[in-house]
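Here is how the chains run, residue by residue.
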Amino acid sequence: MVLTLNYADLQNIKQQIIADKITDNNKIYSFIQHYKDTLSYMYKNNLNPDKSRTDYEYELMNLANDMLKNTDKSFRELEREYKFKTTKDYPIDQNDIRLIL
């Protein structure tokens, strides 16, 4: 799911979600995944030419760290628990942005 095609709008969405301090583990995992999908889409379609793949991956890592402050689980634990509940028939593309924690 792509959240928006506009990078400035994405930053506003990110700040709002961080400010909401979501504590539901499923929602935390889902938002990180949606954010990753959005960054991957922006990267693949060169929607923000000033950003490199590394920039997007660093941004995703920062978002994940901010979101994970609201839970006592790591991203890997959340992924094991919710991956197949939220991403059925999810295509894997080698060019996707990766979360490096």
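Up top you'll find the structure we're talking about.
Residues numbered from 1 in each chain as written. Predicted model: local features only at pLDDT ≥ 70, side-chain atom pairs only at ≥ 80, totals over all residues. Heavy atoms only, no water.

Trainee: I would appreciate a short explanation of unusual backbone geometry in the present structure.
Mentor: Outside of glycine, negative phi angles account for most residues, and trans bonds account for most peptide bonds. Here Lys21, not a glycine, exhibits a phi torsion of approximately 50°, which is positive. Topologically, Lys21 is positioned in the loop between helix H1 (7-20) and helix H2 (25-44). Under the relative-accessibility criterion, Lys21 is labelled exposed at 57%. Even without being glycine, Asn46 reaches a positive phi, approximately 50°. (Helix = DSSP H or I, 4+ residues; strand = E, 2+ residues; numbered from the N terminus. Buried < 20%, exposed > 50% of the residue type's maximum accessible area, 1.4 Å probe, protein only.)

Trainee: When you look at the packing of aromatic side chains in this model, what are you seeing that I'm missing?
Mentor: Where two aromatic rings form a pair, the distance of their centres and the angle of their planes describe that pair. In this structure the tally under the stated criterion is three aromatic pairs. Between the aromatic rings of Phe31 and Tyr35, the centroid separation amounts to 5.9 Å while the plane-to-plane angle is 40°, which identifies the pairing as tilted. Of this pair, Phe31 and Tyr35 both sit in helix H2, four residues apart, roughly one helical turn. On the basis of relative accessibility, which here comes to 8%, the residue Phe31 falls in the buried class. (Phe/Tyr/Trp six-rings, centres within 6.5 Å; stacked < 30°, edge-to-face > 60°.)

Trainee: How should the packing of H1 against helix H3 (residues 53-68) be read in this particular structure?
Mentor: Each pair of packed helices can be summarised by the angle the axes make with each other and by the distance between the axes. Their axes nearest at 10 Å, the elements H1 and H3 cross at an angle of 20°. One way to sum up the angle between H1 and H3 is to call them roughly parallel. Helix-helix and strand crossings are classified by hand; for H1 and H3 the assignment is left-handed. Together, Tyr7, Gln11, Lys14, Ile17 and Ile18 of H1 and Tyr56, Glu59, Leu63, Asp66 and Met67 of H3 make up the contact between the two elements. Of the residues belonging to the contact of H1 with H3, the class tally is six nonpolar, one polar and three charged. (Axes fitted to C-alpha atoms, helices over the stretch in contact; angles between N-to-C directions. Parallel < 35°, antiparallel > 145°, perpendicular 65-115°, else oblique. Left-handed = near helix turned anticlockwise from the far one by under 90°. Contact = heavy atoms within 4.5 Å. Nonpolar A, V, L, I, M, F, W, Y, C, P; charged D, E, K, R; others polar.)

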